[in-house]
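Listed here are the chains, written in short residue letters.
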Amino acid sequence: MVGAHAERGWGRGIHLPALAASRDDYEITAVAGTSQESARAAAGVWGARHAFDDARQLMAHPEVDLVTIAVQLPQRDGLVDAAIAAGKHVYSEWPLALDADTAERLRTSADKAGVRHAVGLQSRHHPAIRLLRDLLADGLVGEVLSTSLSYSLAAPEVWSQRYAALFDHTKGVNHVAVVGGHALDMYGSAVGGFAELSATLTTRIGRVTMQETGEEIEVTSPDQIVVAGLLESGAAASAHFMTGGPRGDGFRIEVHGRAGRLVLRSTDDSLVGPEFVLTHARANGAPAEEIALPAAYRPALDGVPSPVSNVHRVYADLARAIRTGDSFEPDFGTAARTHRLLDAVKRSAATGERQRLG
């Protein structure tokens, strides 16, 4: 685990409990941190035998088969390439890269090296998203005519310094990449991908304050993202991501079909770990009815937050793929497709031109 920490962080909060529940598949053998002291402290919490202050030394260790890279993109500095070069399977957090070309290069490099790869787009494994996908595939609402996604997220105007990269459009961890990437991959896994789109990006909150220093910094990344177009099925589709302000209402996915309507709403504004309520309205005009989650869709880990169970599913599927050679998602191919979608969103917003994908 590169990016292990003894007390905080996505790795500590999500990957550690997901791996702790995967003892039949994985053993945590080594961690890397920003210093030898922090790495040793993390090793004690993570139960790892080896601690490194150099991630490349971790990758060279013979007891390491899979490297999980759980550090932000701006601090990643070639680590995915290094893991592939070391001949290790690799699980990279999202975003994988700054753009689709780089993501595609990493996918090609990993495939040539014969290593399996995963990316942290785990929200597609949320039980409610899988149920929605299957109900649409089974034709519950008939031919899909149109579908929409909206997501609103509360955001403070005073932030810790460690989030400063969020407000810089060059860093690759802004709302387009993180909010847009996670949400559009989740949405597309259920309703299908965009075939063509037009997009608008704008920044409505132009300055934010750093908590530690009181300094105001300029925001150059968009906080409002609007996408509209056609899916590969021909259905009309739209997505609107709203961030900022004191209150958010989370996700709403609506699917209109010839035979009825499905609406999936989250009960909070979490990006990667919401709980959902799914309702179905039939064509006969009867009131919408809630669809309970069938037992077959319940996660293998019961009673844990959704991000933990979703990441656990990625690890379980990755282990099976390593053993069998079977296909697997979300992998670097998934990441490259999502990056291509985001690149198209940015091009459309910059040029005013409709973009075709495929």
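Residue numbering note: each chain is counted from 1, following its sequence as written. In keeping with the predicted nature of the model, local features appear solely for residues at pLDDT of at least 70, side-chain atom pairs appear and are counted solely at 80 or more, and the whole-chain, interface and lining totals rest on all residues. As a convention, hydrogens and water are excluded, and side-chain values are obtained from all of the structure's heavy atoms.

Re the overall build of the protein chain
How we decide: Helix numbering and strand numbering both begin at the N terminus, where a helix is a DSSP run of H or I of at least 4 residues and a strand a DSSP run of E of at least 2. Values of the radius of gyration come from C-alpha atoms, whereas the globule rule sets the reference at 2.2 Å times the count of residues to the power 0.38. Classification of residues uses two cut-offs on accessible area relative to the type maximum, computed with a 1.4 Å probe and protein chains only: under 20% is buried, over 50% is exposed, and between them is partly exposed. Only heavy atoms enter the contact rule, under which two residues are in contact if any of them lie within 4.5 Å. In this description, accessible areas are obtained by the Shrake-Rupley approach with a 1.4 Å probe, and a residue is regarded as covered only by the protein chains that are shown. When charges are counted, neither His nor the chain ends are considered; positive counts come from Lys and Arg and negative counts from Asp and Glu. In plain terms, the charge of a residue is placed at NZ if it is Lys, CZ if Arg, CG if Asp and CD if Glu.
Each helix and strand counted, the protein chain has nine helices and 17 strands in total. Since a compact globule built from 358 residues should have a radius of gyration of about 21 Å, the 21 Å found for the protein chain is in line with a globular shape. Dimensions of the protein chain, computed from the C-alpha atoms along their principal axes, are close to 65 × 50 × 40 Å. Of all 358 residues assigned to the protein chain, the portion counted as buried reaches 50%. Taking the contacts inside the protein chain whose residues are at least 6 apart along the sequence as the reference set, 67% of them involve residues at least 24 apart. Accessible surface, the protein chain: about 16,300 Å² in total, of which carbon and sulfur atoms supply 48%. Between the mean site of the 35 positive side-chain charges and the mean site of the 43 negative ones, the protein chain shows a separation of 3 Å.

Comments concerning the nonpolar core
Using the following cut-off: Nonpolar cores were defined as sets of buried Ala, Val, Leu, Ile, Met, Phe, Trp, Tyr and Cys residues, with membership established by side-chain atoms within 4.5 Å.
Ranked by internal contacts, the top residues of the largest apolar core, which has 69 residues, are Leu-58, Met-59, Leu-149, Leu-184, Phe-194, Phe-241 and Phe-332. Here Leu-58 is in contact with Met-1, Val-2, Ala-30, Val-31, Ala-32, Phe-52, Val-64 and Val-67, once residues within four sequence places are set aside. Counting residues in each nonpolar core, the second largest holds 28 residues, with Leu-19, Ala-39, Ala-51 and Ala-319 among its members.

What about the sheet that holds strand β9 (residues 207-210)?
Note the cut-off: Criterion used throughout: strands pair if DSSP finds at least two bridges between them.
Here three strands make up an open sheet; going across it, the order is β7-β9-β10 and the pairing mixed. Here the strands that pair on one side only, and so sit at the sheet edges, are β7 (158-159) and β10 (216-218).

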